[in-house]
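Fold and geometry: a report
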Amino acid sequence: MKLEEFKNPSVLKNYSKDEMAELAEDIRSFLIEKLSVTGGHLGPNLGVVELTLALHQLFDSPKDKFIWDVGHQAYVHKILTGRAGQFDQLRQYKGLCGFPKRNESEHDVWETGHSSTSLSAAMGMAVARDLKGTDENVVAIIGDGALTGGMALEALNHIGHEQKDLIVVLNDNEMSIAPNVGALHSVLGRLRTAGKYQKAKEELEQLIKKIPAFGGKLATTAERVKDSLKYLLVSGIFFEEMGFTYLGPVDGHDFDDLKENLSYAKKTKGPVLIHVLTKKGKGYEPAEKDEKGTWHGLGPYKIESGEVVKKPGPPSYSGVFAETLKKVAKEDKRIVAITAAMPGGTKLDVFAKEFPDRMIDVGIAEQHATTMAGGLATQGMKPVFAVYSTFLQRGYDQIVHDVCRQNLNVVFAIDRAGLVGADGETHQGVFDIAYLRHLPNMKILMPKDENELQHMIYTATQYNDGPIAVRYPRGNGYGIKMDETLKVLPIGKWETVRDGNDACILSFGTMLPVAEEAVEQLAKEGISVKLVNANSAKPLDEELLHDLAKANMPVLTLEEACVQGGFGSAVLEFFHDHHYHNVEVNRMGIPDEFIEHGSVGQLLEEVGLTSAGVVEQLSTMLPRKQQRA
């Protein structure tokens, strides 16, 4: 059967071991071929081929519930549930989503994109099952990287306490995106080398049953021996102490081993954790040898050589950030860089090579990273937490309670701010302005280009009056000339790029080129528009805003972020609070909806954040002027 003909995974129940092995090979070839064109999460999916096949052979999806943590390893699941024919459009505009998507298939029962959510969701489904009196299995598949997230540990604790029938498959490939860090990772390392714990325990139990028990003393002793065996065979016994039956380690590429343990788990009462060892990137040599996380998720590549296809271009914003921080850190010994399991994505791996003692990777732990940064700040250090906008959401209470409330000198370097493209709605960095702007003591900056970014990073490191956030987008800069000497920018003083008399565009951040194109077009029509690089959402340039109000000039705000509560809202609030009720203000930004995947250009077009959209919006604000033109 061709992969495109798979409509329902139930056909796997009649497959022999040889047929399953052949299918696994076909799936790997399919993924390597398709993702070489579209890009995507190749490494994680090559590692779970046999595991996914075994799950679908032994369970009955969608009656039985599979909850994929993070979801980037669900491509094989998508193939087996009727979506192989859509892989030419994987992560493309209006195409197949790169993560589980409930409106794509009844087999996708939980949507995700951030890590460490699967166990909590699975617990909710297990509770619902028991309340309704149904009998489906609930299976959460979580990676060893995601297991380091605090939310996963909270869920483990609750599941173990409640003793619900629930299966956790721990997909242990020793990497999340970058190599894993932390004490729990070390525990898993010891478990990997410990051998078959459950089998040895059962054999001992059978032996004890054959011994005549004279009174309770021997029985008590036997129980002690069983408990001692746990600590003898497996260092830590972390999961059993949490209330789980632990099975493993299991060879995640051996169908017999997988089927034996998954079958046992189905029959076992209470929560079960199956520790499955897999090889990330299995079956494709460049991905198997990857130690940095390059093949976790990537763009198109050449199959034969494994060479990633990259268009030559200017440095990325992330790269400019890291190089600037490295430059500043040479002179400023206070600087400590922090990442939450994203040293490669944030480019802090570059910083770490020069300052290994001053770069801290906390694992998937944004809450901890934020509060730890606060602790560093109390001791006179200058912590710089580089984090994707979408992941900073996970540390929100700590930003409020621990950093802003104490007015601590923490720098938040917010990467992937704005639309991010192919990763879609779970990763779009469009909410941070709204969730940071209303916090006392917080400052929010965003540059118009990479040169201004380097000065902003320097400015943020020199700022000593509380927390400050510098946002910057995914992708490359414009290739403009970079100043050799860094300078401190005046915070809350905007840059007038072009003077005009008929209207004003306040452009926040990297929307400036869109605004410039619109201003040029309007100039040809006889409309004179003032253009301002509004490089701080908090504080605002109050002097400039007062001048605009006194001139009774219509104002259009432009931002690649949610319009509710964003930069434009801040401008509206200013005019309201200062009783400028006659100033006409229109806002352009991301509408009140989640934006799905596609190229950034396509998504901007979809929401109207284009030069044509700006021209149209301004034309409605100046109808008479437009008619004369």
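Okay, so let's go over this structure.

So, how was this worked out
- Per chain, residue numbering runs from 1 following the sequence as it is written.
- At least 70 in pLDDT is required for a residue's local features to be given in this predicted model, at least 80 for side-chain atom pairs to be given and counted, and no such filter applies to totals for whole chains, interfaces and linings, which use all residues.
- To get the side-chain values, all heavy atoms of the structure are used, and hydrogens and water are removed first.
- Patch members must show over 30% relative accessible area and no salt bridge, and they are joined within 9 Å when carrying like charges or within 5 Å when they are nonpolar side chains of Val, Leu, Ile, Met, Phe, Trp or Tyr.
- The Shrake-Rupley method, run with a 1.4 Å probe sphere, supplies the accessible areas, and residue values consider only the shown protein chains as cover.
- Criterion for a salt bridge: a side-chain nitrogen of Lys or Arg within 4 Å of a carboxyl oxygen of Asp or Glu.
- Charge counting treats Lys and Arg as positive and Asp and Glu as negative, with His and both chain ends excluded.
- Every charge is mapped onto a representative atom, which is NZ of Lys, CZ of Arg, CG of Asp or CD of Glu.
- Every helix listed is a DSSP run of H or I at least four residues long, and every strand listed is a run of E at least two residues long, numbered separately from the N terminus.
- Any residue under 20% of the maximum accessible area for its type is buried, any over 50% is exposed, and the rest in between are partly exposed; the area is computed with a 1.4 Å probe on protein chains only.
- Contact between two residues is taken to exist if any of their heavy atoms lie within 4.5 Å; hydrogens are not considered.
- The term polar contact refers here to a pair of N or O atoms within 3.5 Å; inside protein, the definition further demands a hydrogen-donor-capable atom paired with an acceptor-capable atom, and it admits residues adjacent in sequence only when both atoms are side-chain atoms.
- Strand pairing is assigned whenever DSSP identifies at least 2 bridges connecting the two strands.
- Think of each axis as a best-fit line through the C-alpha atoms, taken over the contacting stretch in the case of a helix, with angles from 0 to 180 degrees between the N-to-C directions.

1. Here's the deal with a negative patch on the surface
Side chains of Asp18, Glu19, Glu22, Glu25 and Asp26 sit close together on the surface and give a patch of like negative charge. If you trace the backbone, glutamate 19 turns up in helix H1 (residues 17–38). The class of glutamate 19 is partly exposed, set by a relative accessible area of 38%.

2. Concerning the environment of serine 528
With respect to the helices, strands and loops of the structure, serine 528 is situated in the loop between helix H20 (512–524) and strand S14 (529–533). Distance from serine 528 to cysteine 504, taken between C-alpha atoms, is 8.8 Å for residues 24 residues apart in sequence. If sequence neighbours within four positions are ignored, serine 528 has contacts with Asp499, Gly500, Asn501, Asp502 and Ala503. At 3.1 Å, the side chain of serine 528 forms a polar contact with the backbone nitrogen of asparagine 501.

3. Concerning the sheet that holds strand S13 (residues 503–507)
Adjacent strands of a sheet form backbone hydrogen bonds with each other and so pair up, either parallel or antiparallel. Taken together, the five strands give an open sheet; going across it, the order is S12-S14-S13-S16-S17, and neighbouring strands pair in mixed fashion. Looking at the sheet topology across the chains shown, the edges are occupied by strand S12 (495–498) and strand S17 (585–590). For this sheet, the mean angle separating the axes of adjacent strands, direction not counted, is 25°. Sheet topology places S13 next to strand S16 (residues 555–562); four bridges connect them, and they run parallel. Within S16, the residue paired with leucine 506 across the bridge is threonine 557. Its contacts with the sheet put H20 on S12, S13, S14 and S16, and the angle it makes with S14 is roughly 170°. The strands that helix H22 (residues 567–577) touches are S13, S16 and S17; relative to S16, the one it contacts most, it runs at about 140°.

4. Examining the side chain of serine 536
Position of serine 536 among the secondary structure elements: in strand S15 (residues 536–538). Of the polar contacts made by the side chain of serine 536, one reaches the side chain of tryptophan 494; its length is 3.1 Å. Side-chain polar atoms of serine 536 contact the backbone oxygen of proline 539, separated by 2.7 Å. Discounting residues that sit within four places of it in the chain, serine 536 has contacts with Ile444, Leu445, Gly492, Trp494, Phe508 and Phe567.

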